[in-house]
Protein chains: 2
Amino acid sequence: MARWQPGARQRLVMAAVDLFAEQGYDATTVVQIADRAGVTKSTFFRYFPDKRDVLTAGQAMLSRLLVEGIEQAPPDASPLTAVSHGLAAVSAQMTSFNRELGTKLGTVVAANAELQEREALKSAGMASAMTEALLARGFAEPVARLAAELGVLAFRTGFARWVAAEGTTLAEHTDAVLDELRAASADLG
Amino acid sequence: MARWQPGARQRLVMAAVDLFAEQGYDATTVVQIADRAGVTKSTFFRYFPDKRDVLTAGQAMLSRLLVEGIEQAPPDASPLTAVSHGLAAVSAQMTSFNRELGTKLGTVVAANAELQEREALKSAGMASAMTEALLARGFAEPVARLAAELGVLAFRTGFARWVAAEGTTLAEHTDAVLDELRAASADLG
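Cut-offs applied
- Sequence order as written defines the numbering, with residues in each chain counted from 1.
- Whichever chain is written first becomes A and whichever ligand is written first becomes 1, with later ones labelled in order.
- Predicted model: local features are reported for residues with pLDDT of at least 70 only, side-chain atom pairs are reported and counted for 80 or more only, and whole-chain, interface and lining totals are derived from all residues.
- Side-chain metrics in this entry use all non-hydrogen atoms of the structure; hydrogen atoms and water are not considered.
- Grid points spaced at 1 Å over the protein atoms alone were grouped into cavities, where a 1.4 Å probe fits but cannot get out, and pockets, open sets with protein on both sides within 12 Å along at least five of seven lines, with lining residues defined by an atom within 4 Å of a point.
- Grid points are joined across faces, edges and corners, and a volume is the space filled by probe spheres set on the points.
- Helical segments are the DSSP runs of H or I of at least four residues, strand segments are the runs of E of at least two, and each set is numbered from the N terminus.
- Only Asp, Glu, Lys and Arg are considered charged, only Ala, Val, Leu, Ile, Met, Phe, Trp, Tyr, Cys and Pro nonpolar, and every remaining residue, Gly among them, polar.
- For this document, the term salt bridge refers to a Lys or Arg side-chain nitrogen within 4 Å of an Asp or Glu carboxyl oxygen.
- Relative accessibility thresholds used throughout: buried, under 20% of the residue-type maximum; exposed, over 50%; partly exposed, between the two (1.4 Å probe, protein chains only).
- Copy-to-copy superposition: least squares on the C-alpha atoms, limited to residues that have pLDDT of at least 70 in both copies.

Trainee: Quick rundown of empty space enclosed by the protein? Include the residues and the values.
Mentor: Taken as a whole and assessed by the stated rule, the structure comprises 2 cavities of 30 Å³ or more. A total of 4 residues in the lining of the largest cavity trace back to one element, the largest contributor, which is helix α7 (residues 113–136) of chain A. Looking at side-chain class alone, the lining of the largest cavity contains 4 nonpolar, 2 polar and 3 charged residues. Volume-wise, the second largest cavity comes out at about 40 Å³. Taken together, B:L55, B:T56, B:L105, B:V109, B:L115, B:R118 and B:E119 make up the lining of the second largest cavity. The set of elements that each furnish at least two residues to the lining of the second largest cavity consists of α6 (96–110) and α7 (113–136) of chain B. Grouping the constituent residues of the lining of the second largest cavity by class yields 4 nonpolar, 1 polar and 2 charged.

Trainee: Hey, could you go over the pattern of salt bridges for me, with residue numbers and the actual values?
Mentor: Pairing is possible between side chains that carry opposite charge, provided their charged atoms lie close to one another. On inspection of all chains with the given rule, the structure shows 16 salt bridges over all chains. Across the pair A:E180 and A:R161 runs a salt bridge, and its minimum N-O distance is 3.0 Å. Here A:E180 is found in helix α9 (residues 170–185), whereas its partner A:R161 is found in helix α8 (residues 141–163), with 19 residues between them in sequence. Its relative accessible area of 30% is what places A:E180 among the partly exposed residues. For the salt bridge of B:E119 with B:K122, the shortest nitrogen-to-oxygen distance reads 4.0 Å. With B:E119 and B:K122 both in helix α7 and 3 residues apart, the pair spans about one turn of that helix. Through salt bridges that share partners, A:D18, A:E100 and A:K104 make up one connected network.

Trainee: Residues and numbers for the relation of the copies chain B and chain A, please.
Mentor: Note that the two copies of the chain are related through a rotation about an axis and a translation along the same axis. Laying chain B over chain A is done by rotating through 180 degrees and shifting 0.0 Å along the axis; what remains is an RMSD of 0.0 Å. The two molecules are tied by a two-fold rotation axis, judged by turn and shift.

This is the structure:
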């Protein structure tokens, strides 16, 4: 994986995360983020409506990739296989930028309630997007919702493992988590 | 179930939800909520730090009940049976106040992004509390997390059904959803 060649947008995201980690989310201003990224305040606002949005700008893209991957799974794919295709579509777009960001982001989010709410909403958005895509494939409601929730767990756990393991793909980890969850579902009682 | 006898706290919550529904969350002030509830602004602040907190004040209690119910399940309870005990402990505390609130709240939350984030965080908090309680019972990590996620789905779906069905208990609905999810888990593939 080549070292990422940052454009203004990626520089802004990384600058924001660094500042949030150094001095806290609340104490960080848009002007500071723009300065650190080497751009003007108006450049910041060309990319993001607000400080809050720096960290959630990738959400729409994430949901779109999940949905496309699920849509393009083979016709006979089981619910979890379809989810696995959705996660593979996300995995294919992951770069070293995402890895570096993921490394820094865990600490920042853990320290800030507002960012935790955004992360929780991101999970809910992913679950909802995957549920819709699975329903569109004809799976029944509880099966679709359950498979989507497993997909969210697989993404979150798999992403944390991927960030910590250089030289691997995200999909390797998300598939391993899906396997663990499939096995666990036999032990729910 | 007897009609709820509102104290100041419950009157404030209901007044807030009514105002959010009538004129929107953003347009509603603490003074308006206090007026509608027939109390002073300082009484409002004795109960809640902020407007945002009116709707999430019950979260800590919810998590505590789930954990206690899971702790008190029979020693040989399966993961989902333990979750069912957690949900039953919540169900035992539900009054007509919760039902009336639940009826009004759906519309209000659907119309406001900030409240959706709080709801998402509430689900994440429930999942986390149940996971901890299940791990403490000795269940393995993926099983505990999965059972907890099913518990959240059962609570959310079950609560919506309970609100719509007078004369039923919440636990009847959450147990039915757990059964549906148990059956669905056999079809994940």
